[in-house]
Structures are given as structure tokens and as C-alpha cells.
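Coordinates in review
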Amino acid sequence: MERVEGGGIILEKIVEDKMLKRFLILILIAASFSYASGKKPEDVLIRIYPGSTVEVKNFTLSPQQVEKIRQLSKVKFDSRLVSLYIVKKDGKILAYGYVDVHTVRTKPEIVLYTITPDGKLDVVEVLYFGEPLEYLPEENWFKNFKGKSLDKDSIKTRSDIPNVSGATLTSKAITDYARLALAIWKVLVGGEK
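Residues numbered from 1 in each chain as written. Predicted model: local features only at pLDDT ≥ 70, side-chain atom pairs only at ≥ 80, totals over all residues. Heavy atoms only, no water.

The next subject is helix 3 (residues 63-73). Within helix 3, burial applies to Val66, Ile69 and Ser73. Buried residues in helix 3, looked at end-on, bunch into an arc of 60°, giving them a common side. Buried residues along helix 3 sit in contact with helix 4 (168-188). Positive phi appears at Lys74, one or two residues downstream of helix 3, with a value of about 60°. (Buried < 20%, exposed > 50% of the residue type's maximum accessible area, 1.4 Å probe, protein only. Helix = DSSP H or I, 4+ residues; strand = E, 2+ residues; numbered from the N terminus. Arc of directions from axis to C-beta. Contact = heavy atoms within 4.5 Å.)

Compared with the 30 Å implied by 1.5 Å per residue over 21 residues, the 30 Å span of helix 4 between its first and last C-alpha is a close match. With 17 of 21 residues buried, helix 4 is to be regarded as a mostly interior element. (Expected span 1.5 Å × (residues − 1).)

Attention now goes to the sheet that holds strand 7 (residues 121-129). Strand pairing within a sheet occurs via backbone hydrogen bonds; the two strands may be parallel or antiparallel. Reading across from one edge, 3-4-5-6-7 is the order of the five strands in this open sheet, with antiparallel pairing throughout. The open sheet terminates on both sides in strands that have one partner only, identified here as strand 3 (53-60) and strand 7. Pairs of neighbouring strands in the sheet enclose a mean axial angle of 25°, with direction left out of account. Note: strand 5 (residues 92-104) against strand 6 (residues 107-115), nine bridges, orientation antiparallel. Its bridge partner being in strand 6, His102 is matched across the sheet by Glu109. Across the face of the sheet, helix 2 (residues 41-48) comes into contact with strand 3, strand 4 (81-89), strand 5, strand 6 and strand 7 while running at roughly 140° to strand 7. (Pairing = 2+ DSSP bridges. Axes fitted to C-alpha atoms, helices over the stretch in contact; angles between N-to-C directions.)

Right, let's talk about the environment of Ser165 for a bit. Mapped onto the elements of the fold, Ser165 is located in the loop between strand 7 and helix 4. For Ser165, a relative accessible area of 76% gives the class exposed. On a C-alpha basis, the gap between Ser165 and Tyr135 in space is 9.0 Å, while along the polypeptide they are 30 residues apart.

Before going further, it helps to spend a moment on the nonpolar core. Of all hydrophobic cores here, the largest spans 34 residues; its most connected members are Tyr113, Phe145, Ile174 and Ile184. Sorting the residues of this core by element identifies helix 3, strand 4, strand 5, strand 6, strand 7 and helix 4 as the ones contributing at least two each. Broken down by element, this core gets its largest block of residues, ten residues, from helix 4. Leave out the neighbours within four places in its chain, and Ile174 touches Glu109, Val111, Tyr113, Val124, Val126, Trp141, Phe142 and Phe145. (Core = buried A, V, L, I, M, F, W, Y, C linked by side-chain atoms within 4.5 Å.)

Here it is, written out as C-alpha cells:
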């Protein structure tokens, strides 16, 4: 039995699958940091898309889907569990959201990526940044992602996305995980097999 604490939540579970353990710990970290900074993904999505509703859909990936996501994104990825936020207004899907929790240097970063129904990045927003703020790119830098897709863009720093002097590791991580978000969308929603 393992006891995991985060954000005032205690979860006791019996789990042998280490990927499931990792996923649950990341969710607890994301939840605790999101609450601490006041930026819950659902609230941010409703702010970005006023008048919308947000539904969370969880997926269990097959080993083939995990491998396809790795190939498309060119990012290390081993999670079998993925959650997508589906943003709707008047019954029509406006966007899909994906929240990635990763480490930059030594501290966690939580980033929300929104993807349009036709598979293009719309908004990239940092929900939590544990590193010193001088390592976070300026707000205008995030606009470089808008309209990018895996089909037409390589989405790499220095070629498609400008590198940020003083925030090189952060800009690379955000860019890499943008490809991951698009690859997950493509495999789960966009029909890529």
C-alpha cells in the first residue's frame, strides 16, 4: 500500500503498475500546484473560451499508441494514461486541452496547450512555474505557437520557435511538449493510427 499526499488530498491505493503510480503522482502535483497558483485548467479554459463548458476525458493508451506518440513528437513519452479537456460551446467543440507536467532544470512546470478541432495549436499557457521567473519567456513569445501543427511545422526551437536567451531550457521544454500535445491529439482525436 502506498500513501501519496498532495494539495490536501490523501490517496491510499494498491498499485503495482509504476506508470500508473507516476501518472497519479503527476496528477496530484498538478492539482496541488494549480490550486496553489489559482490556475485550474478548467478555469483557464473557460477564461480563454468564454461561455464554454469543459469536459475531461481520460484515455488508456495501447503500447502502439504510446509508440506512435513518441514517433510523432520525438519526445520521451511513456505514460499509458492521458487526460484531454474538451471545450464546447453550444454543443460544438471549440478546442481540446492537454496539461503537461514536466521538470525544467530541477523544478516542475505545468503547461496547458489548447488545440483546435483541425489539429492546430491555439493557446499555450503556463499554469505553474517552479523555477525563478527570469527563466520564463515573456508573454508575447507564446504567440509563436498559434496555428502550428505537426503536419506543416517541425515546431522546434531556433527553426519554428525563437529560442529565448536566458530561458533556453524553458523554451525548449515548452516547445518539445507542444509537439507532444499535438501528437497526443493526433493519435486520440485526429485519426492517426
